[in-house]
Amino acid sequence: MQLAAYACDPAQSRGRRYPEVAAPTRTEYQRDRDRIVHSTAFRRLVYKTQVFLNHEGDLFRTRLTHSLEVAQLGRSIARALALNEDLVEAIALAHDLGHTPFGHAGQDTLNACMAEHGGFEHNLQSLRVVDALEERYPLFDGLNLTFETREGILKHCAQSNAEKLEALAPAHPDGRGDVGQRFLARTQPSLEAQLCNLADEIAYNAHDIDDGVRSGLITLEQLQAVPLVAHFHQQTLEEHPQLQGRRVLYESIRRMLSAQVYDVIAATQAALQQAAPASVDEARHCEALLRFSPAMRAQSLELKRFLMKNLYRHPQVMDMTAKAKTMVQELFAAYLAAPQEMAPSFAARASIHGQPRTVADYIAGMTDRFAAREHERLTGRKLWG
Ligand code: MG
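Sequence order as written defines the numbering, with residues in each chain counted from 1. The predicted origin of the model limits local features to residues at a pLDDT of at least 70 and limits the giving and counting of side-chain atom pairs to 80 or more, whereas totals for whole chains, interfaces and linings rest on all residues. Hydrogen atoms and water are omitted, and side-chain values are computed over all heavy atoms in the structure.

Some words on the coordination of the magnesium ion
Cut-off, in case you're wondering: Distances decide who is a donor: an N, O or S atom must be within 2.8 Å of the metal, or within 3.2 Å for Na, K and Ca. Water is not included, so sites may look incomplete. Secondary structure elements follow DSSP: runs of H or I no shorter than four residues count as helices, runs of E no shorter than two count as strands, and numbering proceeds from the N terminus. Buried means the residue's accessible area, taken with a 1.4 Å probe over protein chains only, is under 20% of the maximum for its type, while exposed means over 50%, and partly exposed covers the values in between.
Protein coordination at the magnesium ion: the donors are His66 (NE2), His95 (NE2), Asp96 (OD) and Asp200 (OD), at 2.1 to 2.7 Å from the metal. Sequence positions of the donors to the magnesium ion reduce to the motif H-x28-H-D-x103-D. Taken together, the residues His66 in helix H3 (residues 63-81) and His95 in the loop between helix H4 (85-94) and helix H5 (103-113) connect sequence positions 29 residues apart. An identical accessibility class is assigned to His66 and His95; each is buried.

Put into structure tokens, the structure is as follows:
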């Protein structure tokens, strides 16, 4: 398919940190995607919590299935906008690689533990996984991904971290800087990266309703207070008055998902037409062009507020959050006091990367169940599972 002038072209990639010979049959972004799928961190996503702990039920999303859904939504929107689908897929599959065990609770706790040592941000950690922590190649650490994939993975980052990244990056021959530069220059990432952010949001809003209702923590009746859900629920029942049970939920969510996808496509097409970027770099200097219409943005915000109040802060989820916090705090303290308790490869890294950062890397890479087992081994207390 013919890509738009503002789509990332693998032949024009700003390249890899360690130059490599081109692959005979795959583009640079296809190679990135393949490297991500074969990475250790990617396989671990299957045992990492999104909202529900992995052991709470086999049918809930994990970070792996979430990432696959983001990739699917992303690709489908990319194709309609003539953006680069392979790049979107690579970024989507890698976007959560830096997430700690136990979802946001794990990450917030690790950030608090690292307060005196540079903090912990999951987006920066995702980049750290693909740049430094994966050990698969003879000549370099990390996966040596292209600039465009790395830039998309680093979704957000604090100014201070952007400065550190730029200071550490080898000087780029064209003087354009590395992936932290756009935070310093306040430009946008590629349209493919912008798309992944929106696809992420569309995916979790929908699947958290699905998982939330199926877990019994929220109900479809409660969701009638959210106009976006109520509208498609109503529409479903009007067209299928006999429909019952899960099919009502699935059909309502399916319609809601489609409406958001078509809304993003239409709103973005209009924005692209108006801004008319003639190249990837011109698109970076526009405001964010991937977008919902103002009406859909407002509805999506309302849904997020509902999920925050009723699902993410549900007493049962909060109980898990409290346990996760204790486990991560105590694991951090235990490894800091006894680094030899970490896997040998990490124990050896501590002298190079500093002990707190190495402990944070080690904990961040754990699956929920491994973290819980390690916590039990090191403290003698069983909090989970
Ligand atoms: Mg995500």
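Overview of the packing of helix H10 (residues 191-215) against helix H12 (residues 246-275)
Applied cut-off: In this analysis, axes come from line fits to C-alpha atoms, helices being fitted only over the stretch in contact, and the angle between any two N-to-C directions falls in the range 0 to 180 degrees. Orientation labels follow simple angle bins: below 35 degrees gives roughly parallel, above 145 gives roughly antiparallel, 65 to 115 gives roughly perpendicular, and whatever is left gives oblique. For any pair of crossing helices, the crossing counts as left-handed if the nearer helix is rotated counterclockwise from the farther one by less than a right angle, and right-handed if it is rotated clockwise. Throughout, a contact is declared for two residues whenever any of their heavy atoms are within 4.5 Å. Under this grouping Gly is polar, as are all residues other than the nonpolar Ala, Val, Leu, Ile, Met, Phe, Trp, Tyr, Cys and Pro and the charged Asp, Glu, Lys and Arg.
Interhelical geometry of H10 versus H12 gives an angle of 165° and a closest axis separation of 11 Å. Judged by the angle between their axes, H10 and H12 are roughly antiparallel. H12 is crossed by H10, and the crossing has right-handed handedness. Judged by residue contacts, Leu191, Leu198, Ile202, Ala206, Ile209, Asp210, Val213 and Arg214 of H10 engage Arg246, Leu249, Tyr250, Ile253, Met256, Leu257, Gln260, Val264 and Leu272 from H12. Per-class residue counts for the contact of H10 with H12 are 13 nonpolar, one polar and three charged.

A closer look at the nonpolar core
Condition: To define a nonpolar core, start from buried Ala, Val, Leu, Ile, Met, Phe, Trp, Tyr and Cys residues and group those joined through side-chain atoms within 4.5 Å.
Within the largest apolar cluster, 81 residues are counted, with the highest numbers of intra-cluster contacts made by Ile36, Leu83, Leu97, Ile209 and Leu223. No other element matches the eleven residues that H10 contributes to this core. Contact partners of Leu83, with chain neighbours within four places excluded, come to Leu3, Tyr6, Ala7, Ala78, Leu191, Glu192, Leu195 and Leu290. Grouped together as the second largest cluster of nonpolar side chains are 24 residues, Phe102, Met320, Ala364 and Met366 included.

Quick notes on the packing of aromatic side chains
To keep things clear, this is the line we draw: What counts as a ring pair is set by centres within 6.5 Å for rings of Phe, Tyr and Trp (its six-membered ring), and what kind of pair is set by the plane angle: stacked under 30 degrees, edge-to-face over 60, tilted for all other angles. Two conditions define a charge sitting above a ring: the NZ of Lys or the CZ of Arg must be within 6 Å of the ring centre, and it must be within 35 degrees of the ring normal.
Taken as a whole, this structure holds five aromatic pairs when the rule is applied. Relative to Trp384, the ring of Phe102 lies with its centre 6.1 Å away and its plane at 75°, an arrangement referred to as edge-to-face. Taken as a pair, Phe102 in the loop between H4 and H5 and Trp384 in the segment after helix H18 (368-379) lie far apart in primary sequence, 282 residues in all. When sorted by exposure, Phe102 lands in the same class as Trp384, which is buried. A centroid spacing of 5.0 Å and a plane angle of 25° characterise the contact between Tyr137 and Phe140, whose relative ring orientation is stacked. Taken together through their ring pairs, the aromatic side chains of Tyr18, Tyr137 and Phe140 make up a single cluster. The side chain of Arg349 reaches across the aromatic face of Phe346, ending 5.7 Å from its centre. Across from the ring centre of Tyr47, 3.7 Å away, lies the NZ or CZ of Arg369, which sits over that ring.

A look at H4
Every α-helix winds through 3.6 residues per turn, so residues three or four apart in the chain are directed the same way. The condition that has to hold: Any N or O atom pair separated by 3.5 Å or less is treated as a polar contact, with the protein-specific requirement of one donor-capable and one acceptor-capable atom, and with residues adjacent in sequence counted only for side-chain atom pairs.
With ten of ten residues buried, H4 lies mostly within the body of the structure. Buried within H4 are the following residues: Glu85, Asp86, Leu87, Val88, Glu89, Ala90, Ile91, Ala92, Leu93 and Ala94. Where the residues of H4 are buried, they touch helix H1 (28-37), helix H2 (40-44), H3, helix H6 (122-133), helix H7 (147-153) and H10. The opening residue of H4, the one whose side-chain oxygen lies 3.0 Å from the backbone nitrogen of Asp86, is Asn84.

Read these as layout, nothing more, since geometry by itself doesn't imply function.
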